[in-house]
Amino acid sequence: MGVKVNLHLTLRRYANDQEAVEVEGQTVGECLRNLVKMFPGLGSNIFDKKGGLNNIVEIYLNMQSAYPNELVKPVKDGDEIHVTMMLAGG
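Residues numbered from 1 in each chain as written. Predicted model: local features only at pLDDT ≥ 70, side-chain atom pairs only at ≥ 80, totals over all residues. Heavy atoms only, no water.

Caption draft 1: Region of interest: helix α1 (residues 28-38). All of the buried residues along α1 are Val 28, Gly 29, Cys 31, Leu 32, Leu 35 and Val 36. Along the axis of α1, the buried positions cluster into a sector of 160°, meaning they face one direction only. Its buried side turned inward, α1 meets β1 (3-7), β2 (20-23), α2 (43-46), β3 (57-61) and β5 (80-85). (Buried < 20%, exposed > 50% of the residue type's maximum accessible area, 1.4 Å probe, protein only. Helix = DSSP H or I, 4+ residues; strand = E, 2+ residues; numbered from the N terminus. Arc of directions from axis to C-beta. Contact = heavy atoms within 4.5 Å.)

If you want it as structure tokens, here you go:
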């Protein structure tokens, strides 16, 4: 068992249209980096050039906002991460 990462609809195309992916990691950041190793196309959509989260990405851990310091939040087997995107439009 690992950590389940649920992907926002707009990110699924970079992960073979999967809604969720099982990954390993000790922190949210480690899980997301392992996800990007599996699906490199996700990298620039989730992370900025300095390795932090893009400013339109929101992370939820077990259905609660992981803000602030999302990437260093510890995770354990069975946890769920939701990667959501703030979208704007009219």
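This is not the end of the story, as more comes after the structure.
Caption draft 2: Representation of the pairing of β1 in the model. When you tally the buried positions in β1, you get four out of five residues, the bulk of the element. Pairing of β1 with β2 involves four bridges; the strand directions are antiparallel. Residue pairing across strands places Val 5 opposite Val 21, the latter belonging to β2. In the sheet, β1 pairs with β5 via four bridges, with the strands oriented parallel. Its bridge partner lying in β5, Val 5 is registered against Ile 81. (Pairing = 2+ DSSP bridges.)

Caption draft 3: Fine view of the pattern of salt bridges. With the rule as written, the count across this model stands at one salt bridge. The partner of Asp 79 in a salt bridge is Lys 76, with the nearest N and O atoms 3.2 Å apart. (Salt bridge = Lys/Arg side-chain N within 4 Å of Asp/Glu carboxyl O.)

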